[in-house]
Amino acid sequence: MSGQDNYLGLDTYSTSGDDNLQSMIVGTVMRKIKSRTWKKQRYFKLQEDCMTIWYKSKKAGNAHSTFSVSEVETVREGHQSEVLLSIADEFPPDRCFTLVFRGRRGNLDLVADSADEAQSWIKGMRKLIENLENMDESEKLDQWICEWFKKADKNNDGRMNFREIRVLLKMMNVDMNEHHAHRLFMTADKSQSGTLEDDEFVLFYKMLTQREDVLRVFQDYSGDGQKLSLRDLEEFLRDEQLEDVDGVQQLAMELIERYEPSDTAKMLKAMSIDGFLMYLASAEGSIFHPRQQSLYQDMTKPLNHYFISSSHNTYLMEDQLRGHSSVEGYIRALKRGCRCVEVDCWDGPNGEPIVYHGHTFTSKILFKDVVNALRNYAFKVSEYPVILSTENHCGVEQQRVMAQHLNTILGDKLLKSTLDGKIPVSFPSPEELKGKILLKGKKIGGLEESLNGLVEPEDSLTGEVSDEDEAADIDEDSLHSNSLRRMKSKQRLSKELSDCVVYCKSVHFSSFKHSRIHSKFYEISSFTESKARKHLREAGAEFVHHNARQLTRVYPSGLRTDSSNFNPQEMWNTGTQIVALNFQTAGVEMDLNDGLFSQNGRCGYVLKPDFMRMSERRFDPEVPHNREGYRPLSLCIQVISGQQLPKVNIKESSVVDPFVRVEIHGVPLDQAKQETRYIDNNGFNPVWYDTLRFTIHAPELALVRFVVEDYDKASRNDFVGQYTLPFSCIQQGYRHIHLLSKDGTSIPPASLFVHVRITNLVRAEH
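Residues numbered from 1 in each chain as written. Predicted model: local features only at pLDDT ≥ 70, side-chain atom pairs only at ≥ 80, totals over all residues. Heavy atoms only, no water.

Turning next to the overall build of the protein chain. From N to C terminus, the protein chain includes 25 helices and 30 strands. Against the 2.2 N^0.38 benchmark of 27 Å for 766 residues, the protein chain shows a C-alpha radius of gyration of 29 Å, consistent with a compact globule. Reported as C-alpha extents along the three principal axes, the dimensions of the protein chain are approximately 90 × 75 × 55 Å. Sorting the 766 residues of the protein chain into buried and exposed places 54% on the buried side. Within the protein chain, contacts between residues separated by at least 24 positions form 69% of all contacts whose residues are at least 6 apart in sequence. As displayed, the protein chain offers around 32800 Å² of accessible surface, 48% of which is attributable to carbon and sulfur atoms. Here the protein chain holds 95 positive side-chain charges and 112 negative ones, and the gap between their average locations is 4 Å. (Helix = DSSP H or I, 4+ residues; strand = E, 2+ residues; numbered from the N terminus. Rg over C-alpha atoms; globule rule 2.2 N^0.38 Å. Buried < 20%, exposed > 50% of the residue type's maximum accessible area, 1.4 Å probe, protein only. Contact = heavy atoms within 4.5 Å. Areas by Shrake-Rupley, 256 points an atom, 1.4 Å probe, with all protein chains shown as cover. Lys, Arg positive; Asp, Glu negative; His and termini not counted. Charge placed at Lys NZ, Arg CZ, Asp CG, Glu CD.)

In C-alpha cells form, the structure reads like this:
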C-alpha cells in the first residue's frame, strides 16, 4: 500500500531513521498497573499506520484492545500519577510513565522492563502527538480516510472488493442503495480489477463526499462556474461573510495563499472549489471568531469583574457518596482552564490533614498532595490567578500543618499579603495577580488589622471555621429537620492559616442591604444553588448590584449526590463570578461552562458585561429591556448540512437519523430552542436547509448550543455531538461547526454547515 501511505499523509510519520518509532512497531512487553496489587503484563505495539496502539494479554487467546494516538493528550514521565506513586518503592521512576487521555477517560499507567524501553515509548508517543497537533485540516481528513480503509479491509490485502465497501458504508453511517454504491465503485475502479486500492479508494471517497451544498455557494459567486477570481472571492467575503470592507482584498489574497492547493490557480490569484472547501473547513471558516479565541479582553479590571471558571469538590472523580477522591481531579480541572478549585479538609492520621467529602464513604487523599498538584499544574494553561477555596474541618494543630504546606510547597506562588502592602479599596486585577494562588477561607479580623499588625499570635477566632458545611445544606434544600440544623462546631482558627487568606475572606451572608452597608470588598459569601435562586427571584437587581462590588460563590445542592450539576447560566445572569460545577460530570451544564470559557484564550476569566460591573447601573435579568443601552438582536440560522457524524449505535447495520437542535441559553426571556426535521438513515452527509430564528434581548450574556441527536420515535433520542459558544463570538455567513463529544473532546471530521445572520431588531415599546 505504498501509494496510499504517500497519499494519505503518512509520509508525515516516516518511521525510517526514528529508532523510537521502529521499536514501538516491533512491540514491547510492559506492566499495566491499576493499583498496588493489580499489575499485569501486556504486549504493546504501534501499528504500521503510526496512529493506533495495539495491546493484548500475554496469555493465549485473541482478545486484544486498541486506542488511537489522537485520544492521548500527554505523556507523563516517572512517578507522576497516584497509582505509580503508590508503587514507587517497587519500580524506579525511569521505567515508569503515564498516558493521559483526553476527556474523562482514566489514565494508563505503565512500567517498562528497562529505562531505555520506557524512553523509546515516551519519546515516540510525544513525537506522534506532536505530529498530529501539527496536521492541517486536509491531512486530518486523509488520516481519517486511511483509518476507515484499514477498518474495512478485513483481510488486510490493501484492496477492497464491493462486499467490503458495502460494510464500510454502513460503518461510516451511510445507507446508500446498492445500485448507486455499485456505480460509484465501478467509476472509481480505474484498473477494472474488481477491487479498490490506494488512490482508487481515495477517488471513491471523494465522489462519496462531493459537497453539493458548498458547490452551490461556490457557483453563486463564481463568474465562470470553474473558479472564484480575486474579485469573486472579495465579493463573497464582503457580502456573505461580512468581513471588514477595508481589509477584504488583502484577506482574499491571504486565503488563496493559505488554502488553494493548485499552483495554477494561485498564479491566477483565483480559488478552486477545493481551495474554497479547505477555507470553509478551516479555523477561519469556523463559526467561532478566531480573534476571540485568543486573549482579547482587558485583564486589568478588578478580579470581581470577571466570571471565573470554577470547580466544586474538585477531588471527586465520581459521585459524592462513594466516589473515588484523586489528585487527578485537580490536574484535569486546571488543565481545562479552571481557576477556582475546592478542598474539603479534615484531621487525618499521623498529623497530616486529609481531603475527602466528609460524612461519606468517598476515599481520602493527603492535603499536601493536592498542594503539590497545584504547584505543578496551576499555571500550565493559564497564567492568571487560581483561587483555592477551603472548607476547613481541621483542629488548630492540623490547620498549622495546612499553613505550613501552603507556605513551603507553594513558596512565592502563594499570595501572602496585599500587592503593595497598603490597605486596598478594591480587588487587584487578574493581570496584577498573574502566577499567584489565593486562599479563600475564614480569617481572624480583616485585612486592615493584619496589615496594621493588630492580630496577636495568641488570638484565635472562635466560631465556625468552615466556609460552609455542605453536608448541612441538605436540610435547607429539602428536609427542614431539626436534627440536621447546621452542623457547625465552634472550632478555633489558627493564626498561621488565617494569615494565608488575603483577598478572599469567607463570611456568612445576612442580606444584600447588610452587605451594602457593612461589607468589605474582600469578603466573599457562598450560596447553595437553591439559596441563590431564592435571592434571584426576590431581588435580582440587588444580586447583580452586590456582585458588582463583591465576589460570590454558588455551589450545587447537597442533594446532588450523583454529582449532577445545576444550570450555571442562571447564576451568571446575576453576575455571580464563582459558579462551582462538578467538572467530572458531562452534560449540558458543563457544555455551557466550556462554551463560556472557550473564549479569551481559555484563560479561565471572562470579563462581565459593563452593565454588570458598574454599581451605578441597575440590571435585572428578569427585565433586560429596562436597561440603558438595550438593543435586542435577531439571530437567523440556516442549518444546511452535516458531515461524517459519528455512529451512536454499535450495531453495524444501524445508521443515524440525525436532526439539529439550536438552544439559546441566557436571561429568562432569551431561553429558547428550535429543531430541524430529522433525516432518515444518513449520518454521513445529511442535508436540511432548515431555517431557525431567535430574538436575543441580552446578547452579552447569551450562549448558543448546537446539538445533534439521533431521532428515535420509540425511545429517547441518542446524543451524537454538540458545540457551544458565546453569542458574542459568532462569525456570520457560511460557517462550519466542528462538533464535540459528550466529554467536550473533538470528533473530527464531524461537523455542521450553517449560514448565520445577526440583525438589529427595531425596539418595540414595552
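We are not done yet, so read on.
A separate point is the environment of Glu-352. Take Glu-352: it is sitting in the loop between strand E11 (340–346) and strand E12 (354–355). Of the residues examined, Glu-352 reaches a relative accessible area of 17% and is grouped as buried. At a separation of 2.9 Å, a polar atom in the side chain of Glu-352 contacts the side chain of His-405. (Polar contact = N/O pair within 3.5 Å; in protein donor to acceptor, adjacent residues only side chain to side chain.)

Let's shift gears to the domain arrangement of the protein chain. Annotation of the protein chain at the domain level lists domain 1 (19–134), domain 2 (137–209), domain 3 (212–285), domain 4 (303–453 + 462–468 + 491–612) and domain 5 (629–760). The partner domain 4 presents 15 residues to the eleven residues of domain 1 that form the contact. If you sort the residues of domain 1 by the area they bury against domain 4, Arg-76, Glu-82 and Arg-104 come out on top, with a joint share of 70%. Between Glu-328 and Arg-76 there is a salt bridge whose closest N-O contact spans 2.6 Å. The tally of links from domain 1 across to domain 4 stands at eleven residue pairs in polar contact (both at pLDDT 80 or more). Residue composition of the side of domain 1 that touches domain 4, by class: no nonpolar, six polar and five charged. (Domains from an automatic or database assignment. Buried area = accessible area lost by both parts, 1.4 Å probe. Salt bridge = Lys/Arg side-chain N within 4 Å of Asp/Glu carboxyl O. Nonpolar A, V, L, I, M, F, W, Y, C, P; charged D, E, K, R; others polar.)

What follows is about empty space enclosed by the protein. Regions of empty space are outlined by a rolling probe, equal in size to a water molecule, passed over the atoms. Under the defined criterion, the tally for this structure stands at four cavities of 30 Å³ or more. Here the largest cavity defines a volume of roughly 70 Å³. Taken together, eleven residues form the lining of the largest cavity, with Thr-390, Asn-392, Gly-441, Lys-442 and Leu-497 sitting closest to its centre. Those elements giving two or more residues to the lining of the largest cavity turn out to be strand E14 (386–392), strand E15 (437–441) and helix H20 (495–499). (1 Å grid on protein atoms, 1.4 Å probe; cavity = no way out; pocket = protein on both sides within 12 Å on 5 of 7 lines; lining within 4 Å. Points joined across faces, edges and corners; volume = space filled by probe spheres on them.)

If you check which residues of helix H13 (residues 273–281) are buried, you get Gly-275, Phe-276, Tyr-279 and Leu-280. The buried side chains of H13 occupy one side of the element, clustering within an arc of 135° when seen end-on. Check the buried side of H13 and you find it contacts helix H9 (212–221), helix H10 (230–239), helix H11 (248–259), strand E29 (733–740) and strand E30 (746–760). (Arc of directions from axis to C-beta.)

Quick look at the pairing of strand E26 (residues 687–696) now. Because side chains alternate across E26, one face comprises the buried residues Trp-688, Asp-690, Leu-692, Phe-694 and Ile-696, and the other comprises Val-687, Tyr-689, Thr-691, Arg-693 and Thr-695, none of which is buried. Note that strand E23 (residues 633–643) and E26 share eight bridges and pair antiparallel. Across the sheet, the residue bridging to Ser-641 is Val-687, located in E26. (Pairing = 2+ DSSP bridges.)

Our focus in this paragraph is the sheet that holds strand E3 (residues 52–57). Each strand in a sheet pairs with another by means of backbone hydrogen bonds, the pair being arranged parallel or else antiparallel. Pairing in this open sheet of seven strands is antiparallel, and the strands run E4-E3-E2-E1-E7-E6-E5 from one edge to the other. Two strands bound the open sheet, and with one partner strand each, they are strand E4 (64–68) and strand E5 (72–77). Each strand axis lies, on average, 30° off the axis of its neighbour in the sheet, ignoring direction. As paired elements, strand E1 (residues 28–33) and strand E2 (residues 39–46) share six bridges and run antiparallel to each other. Across the sheet, the residue bridging to Arg-31 is Gln-41, located in E2. Helix H2 (residues 19–26) rests against E1, E2 and E3 of the sheet, and its axis sits at about 120° to E2. (Axes fitted to C-alpha atoms, helices over the stretch in contact; angles between N-to-C directions.)

The next point concerns the side chain of His-736. Secondary-structure assignment places His-736 in strand E29. A polar contact is formed between the side chain of His-736 and the side chain of Arg-211, at a distance of 3.1 Å. Sequence-distant contacts of His-736, that is, excluding residues within four places in its chain, are made with Arg-211, Leu-280, Ala-281, Gly-285, Ser-286, Ile-287, Gln-643, Ser-751, Leu-752 and Phe-753.

Between its terminal C-alpha atoms helix H22 (residues 529–549) stretches only 20 Å, short of the 30 Å expected from 21 residues at 1.5 Å a residue. The largest bend along H22 reaches roughly 115° and is located at Ala-539. Among the residues making up H22, those that are buried are Glu-529, Ala-532, His-535, Leu-536, Gly-540, Phe-543, Val-544, His-545, His-546, Asn-547 and Ala-548. On its buried face, H22 is in contact with helix H21 (512–518), strand E19 (523–528), strand E20 (552–555), helix H23 (568–572) and helix H25 (610–613). (Expected span 1.5 Å × (residues − 1). Bend = angle between axes of the 7 residues up to and from the residue.)

This brings us to the nonpolar core. Grouped burial of nonpolar side chains is what soluble globular proteins tend to show. The biggest cluster of nonpolar side chains holds 63 residues, and the ones touching the most others in it are Val-355, Leu-374 and Leu-406. Take this core: its biggest share by element is six residues, from helix H16 (residues 367–377). Domain assignment of the residues forming this core places at least three in each of domain 4 (303–453 + 462–468 + 491–612) and domain 5 (629–760). Those residues in contact with Leu-406 that sit more than four places away from it in its chain are Phe-367, Val-371, Leu-388, Gly-411, Leu-414, Leu-439, Leu-497 and Cys-500. Grouped together as the second largest cluster of nonpolar side chains are 32 residues, Val-660, Phe-694, Phe-706 and Val-754 included. (Core = buried A, V, L, I, M, F, W, Y, C linked by side-chain atoms within 4.5 Å.)

Turning our attention to the environment of Tyr-723. Relative to the elements of secondary structure, Tyr-723 occurs in strand E28 (residues 718–726). For Tyr-723, a relative accessible area of 11% gives the class buried. Distance in space between the C-alpha atoms of Tyr-723 and Ser-564 is 20 Å, their sequence separation being 159 residues. Not counting residues within four places of it along the chain, the set of residues in contact with Tyr-723 comprises Ile-287, Phe-288, Val-704, Arg-705, Phe-706, Ile-737, His-738, Leu-739 and Leu-740.

In this section: the pattern of salt bridges. On inspection of all chains with the given rule, the structure shows 40 salt bridges. Put simply, Lys-368 and Glu-352 hold a salt bridge, and the shortest N to O gap is 3.8 Å. With Lys-368 in helix H16 and Glu-352 in the loop between E11 and E12, this pair connects stretches of sequence that are 16 residues apart. Several salt bridges converge on common partners, so that one network encompasses Asp-591, Arg-661, Glu-663, Glu-675, Arg-705 and Glu-709.

The subject of this paragraph is the environment of Lys-495. With respect to the secondary-structure elements, Lys-495 resides in helix H20. Taking the C-alpha atoms as reference points, Lys-495 and Ile-444, 51 residues apart in sequence, are found 7.2 Å from one another. At 2.5 Å, the side chain of Lys-495 forms a polar contact with the side chain of Asp-499.

Take the packing of helix H6 (residues 162–171) against helix H8 (residues 198–208) next. What describes two packed helices is the angle between their axes and the distance between those same axes. Between H6 and H8, whose axes approach to 13 Å, the crossing angle comes to 45°. If you check the angle between H6 and H8, you find them oblique. Note on packing geometry: the crossing formed by H6 with H8 is right-handed. Of the residues in H8, those touching H6 at Ile-165, Leu-168 and Leu-169 are Phe-201, Phe-204 and Leu-208. A breakdown of the residues in the contact of H6 with H8 according to their chemical character gives six nonpolar, no polar and no charged. (Parallel < 35°, antiparallel > 145°, perpendicular 65-115°, else oblique. Left-handed = near helix turned anticlockwise from the far one by under 90°.)

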